[in-house]
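Now for the letters of each chain:
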Amino acid sequence: MQTMTKFTDRELVTAYANGDNAAFDILLGRYQKSVFSYILHIVKDNELANDIFQETFVKVITTIRQGRYEDSGKFSAWLNRVAHNLVIDHFRRQKGENTVSNDETEHDLLNNKELCEGNIEDEMVQKQLVKDLHKMIHVLPDAQRQVLMMRFYRDMSFKEIAEKTGVSINTALGRMRYALLNMRKLALDKQLLTPA
């Protein structure tokens, strides 16, 4: 809707939480470049940045749909915090420890209040998100489910997924995109997510 483009972030989040998918598309359009650039600037790898970007929006979609998004500041700051936490998770997995170097980045990752680590409540929300994602994944078409299972349960990159399934990286990314769109629709139509 053309008039929706003038809505504030808060209004768009509310509209999306109430089932208006067009509102989320506008939010995505507003922030996808800046969020992707932020992730890419830190990880310095286009494929990895794509993976983390996709994970960021899966979490955003599910959190809003669950009614767990709290408007306690700017939507863009929350969005960046989600991306930031996923970047930190990646570094933890890679290094096998609970620290990450801050020396190689322009941004002060570990001393930024807006992009701080999650607390115990965030961990509980994350566990619920995983359960809800699992429910939705199992009603997706086979090709889309396969990509999501490989990405979220086997921690495979899109390059690895493409090689394993015999398709191009673009096809794997496309399947992920359609899976996300279908999950959004499923969350609304099938009411698979727990109510707030």
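Residues numbered from 1 in each chain as written. Predicted model: local features only at pLDDT ≥ 70, side-chain atom pairs only at ≥ 80, totals over all residues. Heavy atoms only, no water.

**Student:** Sorry, what's going on with the packing of aromatic side chains here?
**Tutor:** Two aromatic rings, taken as a pair, are described by how far apart their centres are and by the angle between their planes. Under the definition given, this model contains eight aromatic pairs. Seen from their ring centres, Tyr 31 and Phe 75 are 5.8 Å apart, and the 50 degrees between their planes marks the pair as tilted. Here Tyr 31 is found in helix H2 (residues 21–43), whereas its partner Phe 75 is found in helix H4 (residues 75–95), with 44 residues between them in sequence. With a relative accessible area of 16%, Tyr 31 lands in the buried category. One aromatic cluster in this structure is built from Tyr 16, Phe 24, Phe 36, Phe 53 and Phe 57. We note Arg 65 situated over the ring of Tyr 16; from NZ or CZ to the ring centre the distance is 4.1 Å. (Phe/Tyr/Trp six-rings, centres within 6.5 Å; stacked < 30°, edge-to-face > 60°. Helix = DSSP H or I, 4+ residues; strand = E, 2+ residues; numbered from the N terminus. Buried < 20%, exposed > 50% of the residue type's maximum accessible area, 1.4 Å probe, protein only. Lys NZ or Arg CZ within 6 Å of the ring centre and 35° of its normal.)

**Student:** Help me understand the layout of surface pockets, please; the structure alone is not making it clear to me.
**Tutor:** If you roll a probe as big as a water molecule over the atoms, it shows you where there is empty space left. As a volume, the second largest pocket reaches approximately 280 Å³. When contributions to the lining of the second largest pocket are tallied by element, the ones reaching two or more residues are H2, helix H3 (46–65) and helix H8 (169–189). Broken down by element, the lining of the second largest pocket gets its largest block of residues, six residues, from H8. Its residues assigned to classes, the lining of the second largest pocket shows eight nonpolar, three polar and three charged. (1 Å grid on protein atoms, 1.4 Å probe; cavity = no way out; pocket = protein on both sides within 12 Å on 5 of 7 lines; lining within 4 Å. Points joined across faces, edges and corners; volume = space filled by probe spheres on them. Nonpolar A, V, L, I, M, F, W, Y, C, P; charged D, E, K, R; others polar.)

**Student:** Where do I start with empty space enclosed by the protein in this structure?
**Tutor:** Summed over the entire model, instances satisfying the criterion amount to one cavity of 30 Å³ or more. Each pocket or cavity is described by its volume, and for the largest cavity that value is around 40 Å³. Lining the largest cavity, in full, are Val 58, Ile 61, Thr 62, Met 136, Leu 180, Met 183, Arg 184 and Ala 187. Where the lining of the largest cavity is concerned, the elements lending two or more residues are H3 and H8.

**Student:** Please clarify how the environment of Ser 157 should be interpreted in this entry.
**Tutor:** Locating Ser 157 in the fold gives a position in the loop between helix H6 (142–153) and helix H7 (158–165). Sequence separation of Ser 157 and Val 147 is ten residues, and the distance between their C-alpha atoms is 9.9 Å. In this structure Ser 157 touches Glu 47, Asp 51 and Arg 151, once residues within four positions along its chain are discounted. Within polar-contact distance, the side chain of Ser 157 engages the side chain of Glu 47 at 3.0 Å. (Contact = heavy atoms within 4.5 Å. Polar contact = N/O pair within 3.5 Å; in protein donor to acceptor, adjacent residues only side chain to side chain.)

**Student:** Would you mind showing me how to read unusual backbone geometry here?
**Tutor:** Excluding glycine, residues mostly have negative phi values, and the peptide bonds linking residues are mostly trans. The phi torsion at Lys 44 lies on the positive side, around 55 degrees, for a residue other than glycine. Within the secondary structure, Lys 44 is located in the loop between H2 and H3.

**Student:** Mind showing me how you'd approach H7 here?
**Tutor:** Note: α-helices contain 3.6 residues per turn, so residues at a spacing of three or four share the same orientation. Among the residues of H7, those classed as buried are Phe 158, Ile 161, Ala 162 and Thr 165. On an axial view of H7, the arc spanned by its buried residues comes to 100 degrees, and they lie on one face. Turned more than 90 degrees from where H7 packs its buried face, Glu 163 and Lys 164 sit exposed. Positioned one or two residues after H7, Gly 166 has a phi angle of 75 degrees, which is positive. (Arc of directions from axis to C-beta.)

**Student:** Please clarify how the nonpolar core should be interpreted in this entry.
**Tutor:** Considering soluble globular proteins, one finds that nonpolar side chains tend to be buried as a cluster. Val 35, Ile 39, Val 43, Val 60 and Phe 75 are the most contacted members of the largest nonpolar core, which totals 32 residues. When residues of this core are traced back to their parent elements, those giving at least two are helix H1 (9–17), H2, H3 and H4. Sorting elements by how many residues they give to this core places H2 first, with ten residues. When neighbours within four sequence positions are excluded, Val 43 is seen to be in contact with Leu 48, Ala 49, Ile 52, Val 87 and Phe 91. Counting residues in hydrophobic clusters, the runner-up holds 19 residues, among them Val 58, Val 147, Met 156 and Leu 173. (Core = buried A, V, L, I, M, F, W, Y, C linked by side-chain atoms within 4.5 Å.)

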